[in-house]
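Coordinate inspection notes
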Amino acid sequence: MAANRTIGKINALGLTREDYKGGKSTLCPGCGHDSISNQIISVAYDVGLKQENVIKLSGIGCSSKTPAYFLGRSHAFNAIHGRMPSVATGATLANHDLVAIGVSGDGDSGSIGFGQFKHLIRRNVPMVYIIENNGVYGLTKGQFSATADAGQVLKYYGRNELPPIDLALEAIIGGATFVARSFSGHAEQVRSLLKAALAHRGTAVIDIISPCVTFNNTPTSSKSYDYGKAHEIALHEIELIPEGFVPEREEINIQDYEEGQIIEVEMHDGSYIRLKKVGPDHDPRSRVQAMELLEKAGTEQLFLTGLLYYEEPRPTLGETLNLTDTPLAHLPEHKLRPSKEALDKLMQGLM
């Protein structure tokens, strides 16, 4: 390891960027989720994050595999589907010194874990909550997720007749004090938002649109390609080649752009996706304005990226419960376990 640190620049902790990596990704080449993992690595290196103080949390899904690919020296817990918020709540209550980074998906947070997502926000559990949003269930071969666009058509799953759930809007309604949206290909913006989220006290939600290069390449999907195009695009290129193989593709990257500007980003197959950054006339401190902005974006089918809503931090769950300054995980047993006399007194008061 010492030899490894002599390669490249080192940060305040004497570590190189390589020291912040995890295992090799098993996701499809070109997946937007890998881009997000790379930005987490870069941010952790830049800010000198102590990996032994970090806990990575996830549920089930393509997105929930990604904590294995970054910060290999940190703690990690891969929960069951939709239950990551419960584990995050317990971990941060037991040790509020931990830096919690949760990675979820539109299925994990918008479907089976939707209630847990909302209650984590309501309780203001201190963590960075990243949603890698691609509008499909990739691990089960690309069915519609709760964030899929109404009217979208997939070859094997027909037409989606249900309206999409906007997880950023749900986070604002639920009481989150930091809500942002970005695009996995906009590395600079993702890094900026991650740094701000790490510095925020409370639940910081970042909904990152992360195109699925295998199952969501339909022109009717706002999560992947330009829904405005008239011509058809092959829905599942994986059918044209040996089963189980996904062709190598370059990750999608875009240059920075002016606030308020609408741009079209060329995707893998030559189609486009429209992006709009929140303009300078938007006040992210206004909850009503943020909700109106997202409602309008849904109507116009635009991705609004940037900081959508920010509120002065309110008490976290641990502060609400008046926990000790010393993390519960560091307290000796005699302070955690009431004596028989104390329990007897308590029971007498309940009789």
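Starting from 1, residues in each chain are numbered consecutively following that chain's sequence as written. Only residues with pLDDT of at least 70 get local features here, since the model is predicted, and only at 80 or more are side-chain atom pairs given and counted; chain-wide, interface and lining totals rely on the full set of residues. Note: side-chain values were computed over all heavy atoms of the structure, leaving out hydrogens and water.

Further remarks concern the overall build of the protein chain. What counts as a helix is a DSSP run of H or I of at least four residues, what counts as a strand is a run of E of at least two, and both are numbered from the N terminus. In terms of regular secondary structure, the protein chain is built from 12 helices and 13 strands. Burial analysis of the protein chain (351 residues in total) assigns 49% to the buried set. Contacts were defined at the residue level, with two residues in contact if any of their heavy atoms lie within 4.5 Å. Long-range pairs, those at least 24 residues apart, make up 66% of the contacts in the protein chain between residues at least 6 apart in sequence. Note on areas: Shrake-Rupley, 1.4 Å probe, and residue coverage restricted to the protein chains presented here. Carbon and sulfur atoms make up 55% of the accessible area of the protein chain, which totals about 16800 Å². Summary of the burial criterion: residues with accessible area below 20% of their type's maximum are buried, those above 50% are exposed, and those between are partly exposed, where the area comes from a 1.4 Å probe applied to protein chains only.

Let us now look at the packing of aromatic side chains. Between rings of Phe, Tyr and Trp, where Trp is taken as its six-membered ring, a pair exists when centres lie within 6.5 Å; planes separated by under 30 degrees are stacked, by over 60 edge-to-face, and by other angles tilted. Summed over the entire model, instances satisfying the criterion amount to three aromatic pairs. Judged by centre distance (6.3 Å) and plane angle (70°), the ring pair of Tyr-20 and Tyr-45 falls under edge-to-face. Here Tyr-45 lies in helix H2 (residues 32–47) and Tyr-20 lies in the loop between helix H1 (2–5) and H2, a separation of 25 residues in the sequence. There is no split in this pair, since Tyr-20 and Tyr-45 are both buried. Lying over the aromatic face of Phe-70, Lys-56 brings its terminal NZ or CZ to 5.4 Å of the ring centre. Look at NZ for Lys and CZ for Arg. If either is within 6 Å of the ring centre and within 35 degrees of the ring normal, a charge sits over the ring.

This brings us to the side chain of Gln-189. Tracing the backbone shows Gln-189 in helix H8 (residues 187–199). Assessed through its relative accessible area of 7%, Gln-189 is described here as buried. Polar contacts, as used here, are pairs of N or O atoms within 3.5 Å; protein pairs need one atom able to donate a hydrogen and one able to accept it. Residues neighboring in sequence count only if both atoms are side-chain atoms. Among the polar contacts made by the side chain of Gln-189, one reaches the side chain of Ser-182 at a distance of 2.6 Å.

Moving on to the pairing of strand E3 (residues 99–105). Counting buried residues in E3 gives six out of seven residues, a clear majority hidden from the surface. Should DSSP find at least two bridges between two strands, the strands are regarded as paired. Bridge count between strand E1 (residues 54–58) and E3: five bridges; the pairing is parallel. Paired with Val-54 across the strands is Val-99, a residue of E3. Sheet topology places E3 next to strand E4 (residues 127–133); five bridges connect them, and they run parallel. Bridge pairing links Ser-104 to Ile-131 in E4.

Let's shift gears to the confidence of the model for the protein chain. Every residue carries a pLDDT, the predictor's confidence in it, which falls somewhere between 0 and 100. Per-residue pLDDT for the protein chain has a mean of 81; in total, 78% of the residues score no lower than 70. Segment residues 1–6: pLDDT under 50, and 11 contacts once partners within four positions in sequence are set aside and those in other chains are kept. Here residues 224–247 is modelled with pLDDT under 50, and outside its nearest four sequence neighbours on either side it reaches 66 contacts, counting other chains as well.

A separate point is the nonpolar core. Counting 30 residues, the largest nonpolar core has Phe-117, Met-127, Tyr-129 and Val-205 as its most contacted members. Breaking this core down by element, the ones donating at least two residues are E1, helix H4 (84–94), helix H6 (114–123), E4, helix H7 (167–174), helix H9 (287–300) and strand E13 (303–310). Among the elements that take part in this core, H7 stands out by supplying five residues, more than any other. For this analysis, a nonpolar core means a set of buried residues of the types Ala, Val, Leu, Ile, Met, Phe, Trp, Tyr and Cys, connected via side-chain atoms within 4.5 Å. If you look at the next biggest cluster of nonpolar residues, it comprises 25 residues, including Ile-40, Tyr-45, Ile-101 and Ala-197.

With respect to burial, E4 is a largely interior element, seven of its seven residues being buried. The alternating pattern of E4 places Met-127, Tyr-129, Ile-131 and Asn-133 on one face and Val-128, Ile-130 and Glu-132 on the opposite face, and all of these are buried. Here E4 pairs with strand E10 (residues 203–209) via seven bridges, running parallel. Residue Tyr-129 lies in a different strand from E10, and its bridge partner there is Val-205.

The span one expects for a helix is its residue count, reduced by one, times 1.5 Å. With 14 residues, H9 should reach 20 Å at 1.5 Å per residue; the first-to-last C-alpha distance of 20 Å fits that figure. Lining the buried residues of H9 we find H7, strand E9 (178–183) and E13. A positive phi of about 55° marks Gln-301, the residue just after H9.

The next point concerns the pattern of salt bridges. Salt bridge criterion: a side-chain nitrogen from Lys or Arg within 4 Å of a carboxyl oxygen from Asp or Glu. As enumerated under the stated definition, the model contains 11 salt bridges in all. Its salt-bridge partner being Glu-18, residue Lys-21 comes within 2.9 Å of it at the nearest N-O pair. Look at Glu-18 and you get partly exposed, because its relative accessible area is 43%. Ionic pairing is found between Arg-287 and Glu-311, a salt bridge with its closest N-O pair at 3.2 Å. Of this pair, Arg-287 sits in helix H9 while Glu-311 sits in the loop between E13 and helix H10 (317–320); the two residues are 24 residues apart in sequence, bridging distant segments of the chain. Exposure remark for Arg-287: the relative accessible area of 32% places this residue in the partly exposed category. Note on Glu-311: relative accessible area 22%, which makes it partly exposed. In the salt-bridge network here, residues are joined through shared partners; they are Asp-166, Arg-181 and Asp-207.

Attention now goes to the packing of H7 against H9. Taken N-terminus to C-terminus, the directions of H7 and H9 make an angle of 160°; their axes are 10 Å apart at the nearest point. Between H7 and H9, the angle falls in the class roughly antiparallel. As for the relative orientation of H7 and H9, their crossing is left-handed in sense. Here H7 contributes Ala-168, Leu-169, Ile-172 and Ile-173 to the contact with H9, which in turn contributes Arg-287, Ala-290, Met-291, Leu-294 and Glu-295. Amino acid classes used here: Ala, Val, Leu, Ile, Met, Phe, Trp, Tyr, Cys and Pro are nonpolar; Asp, Glu, Lys and Arg are charged; the rest, including Gly, are polar. Among the residues making up the contact of H7 with H9, the classes are represented as seven nonpolar, no polar and two charged. To get an axis, a line is fitted to the C-alpha atoms, and for a helix only the part in contact is used. The angle between two axes follows their N-to-C directions and goes from 0 to 180 degrees. By the definition adopted for this analysis, an angle is roughly parallel if under 35 degrees, roughly antiparallel if over 145, roughly perpendicular if from 65 to 115, and oblique otherwise. The hand of a helix crossing depends on one turn: near helix anticlockwise from the far one by less than a right angle means left-handed, and clockwise means right-handed.

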